[in-house]
Amino acid sequence: MKLIINGKEIVAQPGMTVLEAAKAGGIYIPSLCYHPRTGQAGKCRVCVVEVEGMRGLQVSCNLKVQDGMSVKTKTPQVLAAQKLVVDLLLATGKHDCIACESNGKCELQDAAYYLGIERAPFKYDDIHYAEGDKSAPFVRLDKDKCISCGRCVVACNNQVVNEVLDFAQRGYRTEIVCDDDKPMGDSSCVQCGECSQVCPVGAIVDVKSVGKARSWETKVVRTTCPYCGVGCQLDLHMKGDQIVQVTGTEEGSPNKGKLCVKGRYGYDFIYAEDRLTHPLIKENGEFRKASWDEAINLVASKFKEAIDKYGPDSVAGVSCARSINEDSYNMQKLFRGVFKTNNIDHCART
Amino acid sequence: MISTGATKKIESLMARYPKKESALMPALMIVQKENGNVLSKGDIEETAKLIGVTDAKAFGVATFYTMYNVKEKIGKYHLQVDTNIPATLAGAKKILAYIEKKLGIKAGQTTADGLFTLHEVECLASCGTCPVIQVNDTYYENLTVKKVDLLIESLKKGEMPDNKARSNWGSACNVLLKNRGVKDAAKLSVYKRKGGYKALEKALTMAPEAIVAEVKESGLKGRGGAGFPTGTKWGFLPKNNTNPVYLICNADEGEPGTYKDRQIMEYDPHLLIEGMAIAARALGSKLGFIYIRGEFDWIADILETAIEEAKKGGQLKEFDIIVHRGAGAYVCGEETALIESIEGKRGQPRMKPPFPAAQGLYGCPTIVNNVETFASVPFIIEKGAAEFKKFGPAESAGFRIFGISGNVKKPGAYEYPMGVSFNDLIAAAGGVDGDLKAAIVGGLSVAILKADELKDLNMDYASCAAKGTALGSGGVMVINDTWSIPELALRAMKFYAHESCGKCTPCKEGSKMTVRALQKIVSGQGTTEDLANVERLVGTIKGLTLCPVGEAFSVPIRAMVEKFRPEFEALIKH
Ligand SMILES: Cc1cc2nc3c(=O)[nH]c(=O)nc-3n(C[C@H](O)[C@H](O)[C@H](O)COP(=O)(O)O)c2cc1C
Ligand code: SF4
Ligand code: SF4
Ligand code: SF4
Ligand code: SF4
Ligand code: FES
């Protein structure tokens, strides 16, 4: 189906929202609380548009496209509403972007930039700020920058189902809490970092990345997590040849952006001094460097020797939990199909 | 700590609701009451575990509703002084100041001996009997300085004095208030003697569609505030539905200036129950809820007793009603917030669509109506739509209880046909006390009218709309010329900022920002920029929020600024 946005024809799929259709068509509508994985929340109210034939402003994240619909995203009324929302958020938080981790990848900053807001016009001196929560090793929560979009709450409860976060208090005093308002480090939080990944601003950030790189200095390298058989897709954010942050690949299967604490934060080992970088063969009680071919040939010959002498059941294999599913599959094929033994197991089974 | 007795009570509540999580709010209240009126984190965690929700959920709920005291401690007597607009107009600020002086503490503090904690609170729905203080669960109305002295002296001796209040009422229709003066009308036998439950009897012989058709024909519009045609709403239930249908009576009565529903629930509870039972028959509902504001604890008890009696008396054979107590949140009057609250959640409105008629409580089709709406149904069924339409003009059929408060000589609840003139209504309430300056005629959330706009006003939907205001909840607040509108605007705005649920940005941050700007103006520190900020905020917020609360404050504040601009400008330093 087709719709018109700002006079431009946009092709959309039935079931899409106006916000999604606009994005797919390359038209920016500021949005803060919507995230594809946490869904429509209708909370921020910044994504409003005008639609021909509909009275008043429409929230584009909760409006399904209709064939022939005519949408305007830049009418004076729309811009005034968006400007008020962003002004209010900037005025009631501590948004000094210079040292903020999210500078350059912040959806609030993007909205402010789009609307031409340099600083909020409201100056009232009783706007107080909360203390940041630095109690946890990997995830830091700075309520000063929180815009109450609710993405982290939905993600923690419904995406990773760790059920740690929720909103507490109400009205302008509404805040994010871990459990019954415990410091994150003392709470039931497992430091998976999902909340950090979905946070549109710099309110929840990865501690390990703080001060490591500006967002525009990094390039993304996609890879598969080396920790377990699930094979989560990772985006490595590289500054030069150094990883400064790891995020889950939003569109990558099977994890669709989600990661566990190891996959997200356990990347230091690759820089370990004593990390194995090539095969070693032990001769006379001493390890010596070997090539992959030499090492594999040696292992193959030893297996052959044992099977010839004592039969196929004389050998057994334990596949490593850190190998991906496909590798474990191949491993059992090797043992069952080639070696002809059922002596095959996996170390994560017990 | 949760005692075994409390645990048992909570477990039986969990079984009573279709979903156990709904028991969270009553459970927290039970636990609070047995622990010195405070909820510690330990208590919250234990309750969460018992109900089976996360600690964060339970904490989020406990800190959302004002009646939970998530604190270290609270005085033996919790003095809660209502200072909302109707109370202020009745002199509540003086009462508060007097108590502060008498106890030597400020609002928000506790006396050194731990006997009293003093709080300024929002409208307690006693607008006709203001000033009012709620002491723990008990209302003390019609307060004077002298009565405050007696109250405090008695409390110091550890005695809760008698709380009898004098209240004015009158009826020109004898329907909704017909049993108001009848002794023991809350009893089933008395209600039946007065002709009660005849309509239900008749309804049970009627086809459900015929009941809906009769209500549609009557032109009855919802009395909760929005004035949506009741029959039409009932017609929105999905056809061929296989899910349970829930019926909810909205008895939150939170709109400042409104205290009409309590007249029905306290004095004629069976009228409401009969109305709900007829609706249940019409809509095929087996389970209904009365969501009553938590402060009306004693009225909730009256309802529960009446429901038990009705069940025993065979009036509720195929329909059961659960009384669900709120815990202090105006926004829970909004129907989707109310539904969330019954589900045991923070009372935050849902995005619409879907509408409750399609997906409401527990995701099932749900019809929400106001107390007065349900209470009008027995008349329509018994006497017929045509009789109902004899009251009031065509588009505003029927009768209504108007709650008059503020500067009149006999504030009270008066039942009149729709379309009664403002002047007649005020005359019934004893006339204006002083010189009429303005009035807010439909609860605090509608636009204020100046004296000259009130002259030819009739109390019906069309006449109010023609004046740029709304009939709303029928709560009429009369303001004489001793009051400063900017001060009232600030007090009204503080209410909305306090009650904003915090879900959407324009209301969450905008309500507080408007308070800040108004505060500066009222304190004499304001500039034209502050007034411009107020106007920008209320001008832009209307229509931008997730639920109607944004509109509920932007409309009245905007009207106050527009109509009384010179008063605001006079406060601004040049
Ligand atoms: C903030 C807010 C507060 C409300 N408070 C009440 C209330 O206390 N009682 C009530 O019956 N309706 C209240 N309403 C209206 C309800 O949402 C709903 O429209 C009404 O209960 C429907 O019943 P009715 O059609 O019989 O009026 C409120 C609405 C809003 C937006
Ligand atoms: S959260 Fe965004 S707007 Fe706020 S300081 Fe950080 S980059 Fe700036
Ligand atoms: S790190 Fe994971 S478990 Fe902890 S709060 Fe964030 S999403 Fe929840
Ligand atoms: S912490 Fe981030 S994701 Fe969570 S509510 Fe605040 S801004 Fe949204
Ligand atoms: S307008 Fe928004 S913040 Fe205000 S009460 Fe409604 S949903 Fe909550
Ligand atoms: S993105 Fe639409 S309301 Fe937040």
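Residues numbered from 1 in each chain as written. Chains lettered and ligands numbered in written order. Predicted model: local features only at pLDDT ≥ 70, side-chain atom pairs only at ≥ 80, totals over all residues. Heavy atoms only, no water.

Asker: Run through the overall build of chain B, naming residues and quoting values.
Answerer: A count of helical and extended segments in chain B gives 25 helices and 14 strands. For 574 residues, the compact-globule estimate of 2.2 N^0.38 gives 25 Å, and chain B sits close to it at 23 Å. The 574 residues of chain B split such that 62% are buried. Of all intrachain contacts in chain B linking residues separated by at least 6 positions in sequence, the fraction that spans at least 24 positions is 71%. The centroid of the 73 positive side-chain charges in chain B is displaced by 1 Å from the centroid of its 66 negative side-chain charges. (Helix = DSSP H or I, 4+ residues; strand = E, 2+ residues; numbered from the N terminus. Rg over C-alpha atoms; globule rule 2.2 N^0.38 Å. Buried < 20%, exposed > 50% of the residue type's maximum accessible area, 1.4 Å probe, protein only. Contact = heavy atoms within 4.5 Å. Lys, Arg positive; Asp, Glu negative; His and termini not counted. Charge placed at Lys NZ, Arg CZ, Asp CG, Glu CD.)

Asker: Can you break down unusual backbone geometry residue by residue, with the values?
Answerer: All names here are of chain B. Residue P131 is reached from C130 by a cis peptide bond, and omega for that bond is -5°. Mapped onto the elements of the fold, P131 is located in the loop between β2 (116-121) and β3 (133-135). Looking along the chain, the bond that leaves K352 and enters P353 is cis, with omega of -10°. Summarising the element assignment, P353 is placed in the loop between α15 (335-342) and β9 (366-370). For A125, which is not a glycine, the phi torsion comes out positive at approximately 60°.

Asker: Run through the pattern of salt bridges, naming residues and quoting values.
Answerer: Residue and element names in this part refer to chain B. Per the stated rule, a full pass over the model turns up 53 salt bridges over all chains. Across the salt bridge formed by R558 and E562, the nearest N and O atoms sit 3.7 Å from each other. Placement of the pair is R558 and E562 together in helix α24 (residues 549-563), with a separation of four residues, close to one helical turn. Where salt bridges share partners, they join K33, D137, D297, D301, E304 and R325 into one cluster. (Salt bridge = Lys/Arg side-chain N within 4 Å of Asp/Glu carboxyl O.)

Asker: Any details on the packing of helix α1 (residues 4-16) of chain B against helix α2 (residues 24-33) of chain B? Residues and values, ideally.
Answerer: All names here are of chain B. The geometry of α1 relative to α2 is characterised by a closest axis approach of 10 Å and an angle of 170° between their N-to-C directions. Relative to α2, the element α1 lies roughly antiparallel. Here α1 and α2 pass one another in a crossing that is right-handed. In this structure, α1 uses A6, K9, I10 and L13 to contact α2, whose residues at the interface are P26, A27, I30 and V31. Looking at side-chain class alone, the contact of α1 with α2 contains seven nonpolar, no polar and one charged residues. (Axes fitted to C-alpha atoms, helices over the stretch in contact; angles between N-to-C directions. Parallel < 35°, antiparallel > 145°, perpendicular 65-115°, else oblique. Left-handed = near helix turned anticlockwise from the far one by under 90°. Nonpolar A, V, L, I, M, F, W, Y, C, P; charged D, E, K, R; others polar.)

Asker: How would you sum up the site of ligand 1? Please name residues and give values.
Answerer: Residue and element names in this part refer to chain B. Of all residues adjacent to ligand 1, which total 18 residues, the nearest are G224, N250, N369, N370 and T373. The contact in question runs from an oxygen atom of ligand 1 to an N or O atom on the side chain of K233, over 3.0 Å. G254 has a polar backbone atom sitting 3.1 Å from an oxygen atom of ligand 1. In the complex, 90% of the free accessible area of ligand 1, which totals 610 Å², lies under the protein chains. The greatest single-element share of the shell around ligand 1, amounting to three residues, is contributed by β9. Tallied by class, residues from the shell around ligand 1 come to four nonpolar, eight polar and six charged. (Near = heavy atom within 4 Å. Polar contact = N/O pair within 3.5 Å; in protein donor to acceptor, adjacent residues only side chain to side chain. Areas by Shrake-Rupley, 256 points an atom, 1.4 Å probe, with all protein chains shown as cover.)

Asker: Residue-level account of helix α16 (residues 371-383) of chain B, with values.
Answerer: Residue and element names in this part refer to chain B. α16 sits mainly inside the fold: eleven of its 13 residues count as buried. Those residues of α16 not exposed but buried are V371, E372, T373, F374, A375, S376, V377, P378, F379, I380 and I381. The N-terminus of α16 is capped by N370, whose side-chain oxygen sits 2.8 Å from the backbone nitrogen of E372. Of the residues trailing α16, G384 is marked for its positive phi of about 95°.

Asker: Which residues make up the domain arrangement of chain B, and what are the values?
Answerer: Domain boundaries assigned for chain B yield domain 1 (4-64), domain 2 (77-161), domain 3 (170-389), domain 4 (394-480) and domain 5 (485-571). Between the C-alpha centres of domain 1 of chain B and domain 2 of chain B there is a distance of 29 Å. (Domains from an automatic or database assignment.)

Asker: Quick one: what's the story with the domain arrangement of chain A, residue by residue and with numbers?
Answerer: Along its sequence, chain A is carved into domain 1 (2-74), domain 2 (124-265) and domain 3 (311-349). If you average the C-alpha positions of domain 1 of chain A and of domain 3 of chain A, the two centres end up 52 Å apart.

Asker: Please give an account of the environment of B:P238 that cites residues and values.
Answerer: Residue and element names in this part refer to chain B. Within the secondary structure layout, P238 lies in the loop between α11 (230-235) and β6 (246-251). Residue P238 is classed as partly exposed on the basis of its relative accessible area, which comes to 35%. Sequence separation between P238 and G114 is 124 residues, and the spatial gap between their C-alpha atoms is 55 Å. With residues up to four places along the chain from it excluded, the contact list for P238 reads A357, A358 and P365.

Asker: I'd like a rundown of a nonpolar patch on the surface, residues and numbers included.
Answerer: On the surface, a cluster of nonpolar side chains totalling about 330 Å² of accessible area is made up of A:L276, A:L280 and A:F287. Among the secondary structure elements, A:L276 is positioned in the loop between α6 (261-265) and β13 (280-283). (Patch = residues over 30% accessible without salt bridge, like charges linked within 9 Å, V, L, I, M, F, W, Y side chains within 5 Å.)

Asker: Just give me the short version of the sheet that holds strand β1 (residues 2-5) of chain A, but keep the residues and values in it.
Answerer: Residues and elements named next belong to chain A. Taken in spatial order, the five strands make up an open sheet running β2-β1-β5-β3-β4, and their pairing is mixed. A strand with exactly one partner marks an edge of an open sheet, and here the two such strands are β2 (8-11) and β4 (58-59). Pairing between β1 and β2: four bridges, direction antiparallel. The residue of β2 that forms the bridge with L3 is I10. (Pairing = 2+ DSSP bridges.)

Asker: Can you lay out the site of ligand 2 for me, pointing to particular residues and giving the numbers?
Answerer: Within the structure, ligand 2 sits among A:H95, A:D96, A:C97, A:C100, A:S102, A:N103, A:C106, A:Q109, A:K145, A:V201 and A:G202. By residue class, the composition of the shell around ligand 2 is four nonpolar, five polar and two charged.

Asker: An account of the interface of chain B and chain A is requested, with residue identities and associated values reported.
Answerer: Accessible area lost during the coming together of the parts is what is often quoted as the interface size. Between chain B and chain A, the residue contacts involve 46 residues of the former and 42 residues of the latter. Around 3,800 Å² of area is buried between chain B and chain A when both sides are counted, 55% of it from carbon and sulfur atoms. The largest contributions to the chain B side of the interface with chain A come from B:M351, B:R536 and B:L544, which together make up 16% of the buried area. Elements represented by at least two residues in the side of chain B that touches chain A include exactly α3 (41-51), α4 (55-64), α21 (485-499), α22 (505-522) and α23 (528-541) of chain B. (Buried area = accessible area lost by both parts, 1.4 Å probe.)

Asker: Would you mind going over the environment of A:C149 in detail, with residue names and values included?
Answerer: Its location among the elements puts A:C149 in the loop between β6 (139-141) and α4 (151-159). Each C-alpha atom of the pair A:C149 and A:K43 lies 6.4 Å from the other, and the pair is 106 residues apart in sequence.

Asker: Describe the confidence of the model for chain B, with residues and values.
Answerer: Here chain B shows a mean pLDDT of 97. Residues at 70 or above account for 100%. For this predicted complex, the interface score ipTM comes out at 0.95, alongside a pTM of 0.95. (pLDDT = per-residue confidence, 0-100.)

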